[in-house]
Amino acid sequence: MKGSKEKIPSSISTFYRLYPSRESTRVINKRWGHFAESLLQVVGAGFNPKGEHVGNIDKDFKNGGIFVMDKAEEQLIKCSMKNLKCSTKVKFSHMLAYLMEMGYDLSLAPGDVVSENPGF
């Protein structure tokens, strides 16, 4: 909160620079938005390919899995990545990694997006 109100943010993070408090004198570009005065920032992502839940990675959430997909989408994933010559579980692991990457890319400001891969 303190960093979002500073006239010149002391933090090396661009977060407070891009999202100042509504009370800050730095509120100029309203297009970016404001620091939420009641912000609770929670960021966490991880995947253990040897974990007990890896058995559910290739299933729809209705069947205890993590993805929301129909049979056609499931088949598209299974038929993809032929050049990797990997198992179905590994293909779904790759899809989970892409999903996590897309999630944090969407949470970043447009100027700070890290995925510049045209294939993504």
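Here's a quick rundown of the structure. (Residues numbered from 1 in each chain as written. Predicted model: local features only at pLDDT ≥ 70, side-chain atom pairs only at ≥ 80, totals over all residues. Heavy atoms only, no water.)

Side note on the packing of helix 3 (residues 71-79) against helix 4 (residues 88-107)
Here's step 1: Packing of helix 3 against helix 4 leaves a shortest axis separation of 9 Å and a crossing angle of 105 degrees. It follows that helix 3 is roughly perpendicular to helix 4 by the angle criterion. Residues Glu 74, Ile 77, Lys 78 and Cys 79 of helix 3 form the contact with helix 4, whose participating residues are Thr 88, Lys 91, Phe 92 and Met 95.
Here's step 2: In terms of residue class, the contact of helix 3 with helix 4 is built from 4 nonpolar, 1 polar and 3 charged. (Axes fitted to C-alpha atoms, helices over the stretch in contact; angles between N-to-C directions. Helix = DSSP H or I, 4+ residues; strand = E, 2+ residues; numbered from the N terminus. Parallel < 35°, antiparallel > 145°, perpendicular 65-115°, else oblique. Contact = heavy atoms within 4.5 Å. Nonpolar A, V, L, I, M, F, W, Y, C, P; charged D, E, K, R; others polar.)

Focus on the side chain of Ser 21
Here's step 1: Take Ser 21: it is sitting in the loop between helix 2 (15-18) and helix 3.
Here's step 2: By relative accessible area, which is 0% here, Ser 21 ends up buried.
Here's step 3: One polar contact links the side chain of Ser 21 to the main-chain amide nitrogen of Glu 23, over a distance of 3.1 Å. (Buried < 20%, exposed > 50% of the residue type's maximum accessible area, 1.4 Å probe, protein only. Polar contact = N/O pair within 3.5 Å; in protein donor to acceptor, adjacent residues only side chain to side chain.)

Some words on the pattern of salt bridges
Here's step 1: Scanning all chains against the criterion turns up 4 salt bridges.
Here's step 2: Between Glu 23 and Lys 5 there is a salt bridge, with its nearest N and O atoms 3.1 Å apart. Here Lys 5 lies in helix 1 (residues 2-5) and Glu 23 lies in the loop between helix 2 and helix 3, a separation of 18 residues in the sequence.
Here's step 3: Residue Glu 23 is classed as exposed on the basis of its relative accessible area of 58%.
Here's step 4: Classification of Lys 5 by relative accessible area gives partly exposed; the value is 35%.
Here's step 5: The partner of Lys 71 in a salt bridge is Glu 74, and the shortest N-O contact between them spans 3.7 Å. On the criterion of helical spacing, the pair formed by Lys 71 and Glu 74 is a turn pair, its members being 3 residues apart in helix 3.
Here's step 6: What makes Glu 74 buried here is its relative accessible area of 14%.
Here's step 7: Overlapping salt bridges bring together Lys 71, Glu 74 and Lys 78 as one network. (Salt bridge = Lys/Arg side-chain N within 4 Å of Asp/Glu carboxyl O.)

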